[in-house]
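Here's the letter readout for the chains.
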Amino acid sequence: MKNIEANVVLDAKGLSCPMPIVKTKRAMDHLESGQVLEVQATDKGSKADIKAWADSTGNQYLGIIEEGEVLKHYLRKSSNEETNEKKHPNLINNEEFEKKLEENDDIVVLDVRETAEFAFNHIPGANSMPLGELEQRIGELNKDAEIYVICRTGNRSDLAAQKLAENGCTNVINVVPGMSQWTGKTTGINQ
């Protein structure tokens, strides 16, 4: 296979979410429209995360090549007219969300982190649906339910909330900053 020419190569190996996306955003900010960025990552979650980030910003996700443990993502920077990073408008902070959980046990909590992250630590009763599986599994959700989406930092959950809203879910709320600063009840393998 012929090597793909990239204008810039970004080393994000050994980093976990949200750092590959943070570094990708910074690198894309310095590219000219039409230039290609190669992001080298080892975080398996980057397969869904980087594509979802590119889709939400209007940049073009060209594809991925796997070479052993290294995932090489290729993105093309769109012009300013094409690029418009979206954010899901409905947010709730951790403290308000914890109160909601205490008041109402009929809430759907959708955790979009990778299954390993979920297994070690999650909110009791949360549903695990990693971001990379979301499109195939949206049919499992009641589109009229109040759905609170959570991840580690609020980035993946923002992308998931946008995707759910685009697919007909009417009451989706992103929990920010998410599990990285969660002080409420949790359960998991070691608990």
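Here is a short report on the structure shown in this document. These numbers were taken from a predicted model, which means no experiment stands behind them. (Residues numbered from 1 in each chain as written. Predicted model: local features only at pLDDT ≥ 70, side-chain atom pairs only at ≥ 80, totals over all residues. Heavy atoms only, no water.)

Focus on the packing of helix H2 (residues 46-57) against helix H6 (residues 155-166)
- Packing of H2 against H6 leaves a shortest axis separation of 10 Å and a crossing angle of 60°. By the angle between their directions, the pair H2 and H6 is classed as oblique. Crossing of H2 over H6 shows left-handed handedness. Between H2 and H6, the contacting residues are Asp 49, Ala 52, Trp 53 and Ser 56 on the first element and Arg 156, Leu 159 and Gln 162 on the second. (Axes fitted to C-alpha atoms, helices over the stretch in contact; angles between N-to-C directions. Helix = DSSP H or I, 4+ residues; strand = E, 2+ residues; numbered from the N terminus. Parallel < 35°, antiparallel > 145°, perpendicular 65-115°, else oblique. Left-handed = near helix turned anticlockwise from the far one by under 90°. Contact = heavy atoms within 4.5 Å.)

Description of the side chain of Asp 49
- Take Asp 49: it is sitting in helix H2.
- For the buried Asp 49, no salt bridge exists, and the shortest N-O distance to an oppositely charged side chain is 4.0 Å, to Arg 156.
- Setting aside residues no more than four positions away along its own chain, Asp 49 makes contact with Cys 17, Ile 21, Leu 131, Arg 156 and Leu 159. (Buried < 20%, exposed > 50% of the residue type's maximum accessible area, 1.4 Å probe, protein only. Lys, Arg positive; Asp, Glu negative; His and termini not counted. Salt bridge = Lys/Arg side-chain N within 4 Å of Asp/Glu carboxyl O.)

Comments concerning the packing of aromatic side chains
- The final tally for this structure, using the stated rule, is two aromatic pairs.
- With centroids separated by 5.8 Å and ring planes inclined at 55°, the aromatic side chains of Phe 97 and Trp 182 adopt a geometry described as tilted. Of the two residues, Phe 97 is situated in helix H3 (residues 94-103) and Trp 182 in the segment after strand S9 (171-176); the sequence distance between them amounts to 85 residues. (Phe/Tyr/Trp six-rings, centres within 6.5 Å; stacked < 30°, edge-to-face > 60°.)

Observations concerning the pattern of salt bridges
- Within this structure, the stated rule accounts for 11 salt bridges.
- Here Asp 11 ties to Lys 13 by a salt bridge, and the two come within 3.3 Å at their closest N and O atoms.
- On the basis of relative accessible area, Asp 11 is assigned to the partly exposed category, the value being 42%.
- Taken together, the shared-partner salt bridges in this structure form one network comprising Glu 133, Arg 137 and Glu 140.

Topic: the pairing of strand S1 (residues 8-12)
- When S1 meets strand S2 (residues 36-41), the two strands line up parallel, connected through five bridges. The residue bridging Ala 12 from the neighbouring strand is Ala 41, located in S2.
- Handedness of the S1-helix H1 (residues 19-29)-S2 crossover: right-handed. (Pairing = 2+ DSSP bridges. Right-handed = clockwise from strand over helix to strand, strands pointing away.)

Considerations on the sheet that holds S1
- One open sheet accounts for four strands, arranged S1-S2-S4-S3; its pairing is mixed. Sheet topology places S1 and strand S3 (60-67) at the edges, where each strand pairs with a single neighbour. Across the sheet, the mean angle separating the axes of adjacent strands is 20° when strand polarity is ignored.
- The sheet strands contacting H1 are S1, S2 and strand S4 (70-76), and the helix crosses S1 at an angle near 160°.
- Here H2 sits on the sheet in contact with S2, S3 and S4, set at roughly 5° to S4.

Regarding H1
- Among all positions of H1, only Pro 20, Ile 21, Thr 24, Ala 27 and Met 28 are buried. Seen end-on, H1 carries its buried residues on one side only, within an arc spanning 125°.
- Contact partners of the buried residues in H1: S1, S2, H2 and S4. (Arc of directions from axis to C-beta.)

Some thoughts on the side chain of Lys 77
- With respect to the helices, strands and loops of the structure, Lys 77 is situated in the loop between S4 and strand S5 (91-93).
- Of note is the side chain of Lys 77, whose polar atom sits 2.8 Å from the backbone oxygen of Met 28.
- Sequence-distant contacts of Lys 77, that is, excluding residues within four places in its chain, are made with Met 28, Asp 29, Leu 31, Glu 32, Ser 33, Gly 34, Gln 35 and Asn 59. (Polar contact = N/O pair within 3.5 Å; in protein donor to acceptor, adjacent residues only side chain to side chain.)

A word on the sheet that holds S5
- The strand order across the open sheet formed by five strands is S5-S9-S8-S6-S7, and the pairing between neighbours is parallel. Each edge of the open sheet carries a strand with a single partner, namely S5 and strand S7 (127-128).
- Bridge count between strand S6 (residues 108-111) and S7: two bridges; the pairing is parallel. From the neighbouring strand, Leu 110 faces S7, where its bridge partner is Asn 127.
- Sitting on the sheet, H3 is in contact with S5, S6, strand S8 (146-150) and S9, with an inclination near 90° to S5.
- Running over the sheet, H6 touches S6, S8 and S9 and is turned about 175° from S9.

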